[in-house]
Amino acid sequence: MWQPEQETIGRAELRALQEQRFQAAWAHIWLNAPAQRGILRDAGVEQGDVRSLDDLHKLPFTDKRAFTEQYPFGLFAVPPEDIVRLHSTSGTTSKPSMGGYTARDMQNWKDLNARVCAMAGVTKHDTAQISFGFGMFTGGFGLNYGLEHMGVRILPMGSGQTEKQLMMMIDMASTVLVATPSYALYLSEAVREAGIRDSLKLRVGLFGGEGHTPEMAAQIEENLGITATSNYGLCELGGPGLSGECLERKGMHIAEDHFYCEIIDPDTGAVLPEGETGELVVTPLTRQALPLIRYRTKDITRLNSERCACGRTHARMNPTLGRSDDMLIIRGVNIFPSQVESVLIRQEHIGPHYMLIVRREGVMDTLEVQVELVDGSVLESYRMLETIREKIRAEIRSILGITVKVTLVAPQTVERFMGKARRVRDERK
Ligand code: ZN
């Protein structure tokens, strides 16, 4: 463990620490973050209305919209000269969310990422190939700081240049791969196709930046001969380091001494009891630059605070099912792309690359699942194609309760992703 004292703290002691840190964060917001103070006042809240974490549920949520409205620095709680680092979301459709760090935030960021790496079994004897993008994306830098803090040898490859990635993986004897699961899958297929698995020394994968199914992780593990672990974080909440998976692999331990988490019903906003599935809402407890109240992550998961066999006491969150933003509503049925993926990935003859296309035909919403064949010669056998299609259709129908159109396409024709995957095309708008 990287910080055993903090990571194995008793639950009662942890609650007391969270309470104490929350009081400080609450006072910090009222004193130093005028825009956040204004948002609270507009919702009819005064500083004295909140005495403890038990009052948290009375407070309004913060969401991505607040970041857009207050772009770039409106939500910040320190003067510009105290910010030593800025990161941002990709912001494909609007202004990005800006994330900021003070020097102390950077110290915590290093420790939180070192925890994530140690949890996955990484030690200072490892060589880590970081195939996450660097730049404004928090992923590359966050994990880099954690690994560096532990004394791990680092190859900051960034994403892309697959051939060079494989060459370095072999020549530098990389033992740890840091990537988005989509890119790890892509790399792992390239390894399989090149037949070089036995020349690799990889043993652990640290995957984050987007959700993935256990089936996808299993495929990467098989192609690379590694143990895959997940980690989680959001730019608005300081990037990676919020939670990570230990080698028990029964969920990701949340750094609860730094983040207070709730699960809510995404429709009503009501707080749900532990164990129920809903949207993760996070209140950071120690962030100086950007304290926030009840940030809605849009990620759907559930929490478990039972003690883990690894000895850590921090609650675990399930790897996310998907984002509530990515959830598709097709003929009244809620569907996550990951649910379709879990059906596809266990089929024979097809690869792990797919695209979901939603259309409206008349008043009917339709879902087309476009998926790639592993062997193009199957395209010549109508009977074979029909058998594969019908099997996928039937399994999706039995799991999701809807009928979809399945289209099988030639190998290497579905788009590949070096960073986060975008597997849904909604043509209804
Ligand atoms: Zn554990």
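As the structure is a prediction and not an experimental result, all values here were calculated from the model.

Our focus in this paragraph is the nonpolar core. Leu237 and Leu280 are the most contacted members of the largest nonpolar core, which totals 25 residues. Mapped by element, the contributors of at least two residues to this core are helix H4 (64-69), strand S7 (227-234), strand S9 (252-254), strand S10 (259-264) and strand S11 (278-284). With three residues, S10 is the single largest residue contributor to this core. Those residues in contact with Leu237 that lie beyond four places of it in its chain are Leu242, Phe259, Val282, Pro284, Arg287, Leu292, Tyr295 and Thr297. Counting 24 residues, the second-largest nonpolar core is a separate cluster that includes Leu328, Leu356, Val378 and Val404.

A separate point is the coordination of the zinc ion. Note on the zinc ion: its protein donors are Cys246 (SG), His253 (NE2), Cys308 (SG) and Cys310 (SG). The metal-donor distances range over 2.1 to 2.3 Å. Every donor counted, the four donor atoms about the zinc ion form angles of 104 to 115° at the centre, which fits tetrahedral coordination. All donors of the zinc ion come from a single chain, and their spacing in sequence reads C-x6-H-x54-C-x1-C. With a gap of 62 residues between them, Cys246 in the loop between strand S8 (239-245) and S9 and Cys308 in the loop between strand S13 (303-304) and strand S14 (316-317) connect regions that are remote in the sequence. Exposure remark for Cys246: the relative accessible area of 1% places this residue in the buried category.

Along helix H9 (residues 214-224), the residues classified as buried are Met216, Ala217, Gln219, Ile220, Glu221, Asn223 and Leu224. In this fold, the buried residues of H9 make contact with strand S5 (176-179), helix H8 (181-194), strand S6 (204-207), S7, helix H10 (337-344) and strand S18 (350-361).

Before going further, it helps to examine the side chain of Ser52. Of note, Ser52 is situated in the loop between helix H3 (34-42) and H4. On the basis of relative accessibility, which here comes to 16%, the residue Ser52 falls in the buried class. If near-sequence neighbours (up to four positions away) are discounted, Ser52 is found in contact with Glu19, Phe22 and Gln23.

Moving on to empty space enclosed by the protein. In this structure the tally under the stated criterion is three cavities of 30 Å³ or more. Looking at the largest cavity, its volume works out to about 110 Å³. In this structure, the largest cavity is lined by 14 residues; those nearest its centre are Asp105, Asn108, Leu112, Phe259 and Arg287. Secondary structure elements with two or more residues in the lining of the largest cavity: helix H5 (103-119) and S8. The dominant element in the lining of the largest cavity, judged by the number of residues it contributes, is H5, at four residues. Taken together, the residues of the lining of the largest cavity break down into seven nonpolar, five polar and two charged.

Thresholds applied
Residues numbered from 1 in each chain as written. Predicted model: local features only at pLDDT ≥ 70, side-chain atom pairs only at ≥ 80, totals over all residues. Heavy atoms only, no water. Core = buried A, V, L, I, M, F, W, Y, C linked by side-chain atoms within 4.5 Å. Buried < 20%, exposed > 50% of the residue type's maximum accessible area, 1.4 Å probe, protein only. Helix = DSSP H or I, 4+ residues; strand = E, 2+ residues; numbered from the N terminus. Contact = heavy atoms within 4.5 Å. Donors = N, O, S within 2.8 Å, 3.2 Å for Na, K, Ca; no water. Tetrahedral: all angles 85-135°; square planar, octahedral: opposite > 155°, others 65-115°. 1 Å grid on protein atoms, 1.4 Å probe; cavity = no way out; pocket = protein on both sides within 12 Å on 5 of 7 lines; lining within 4 Å. Points joined across faces, edges and corners; volume = space filled by probe spheres on them. Nonpolar A, V, L, I, M, F, W, Y, C, P; charged D, E, K, R; others polar.

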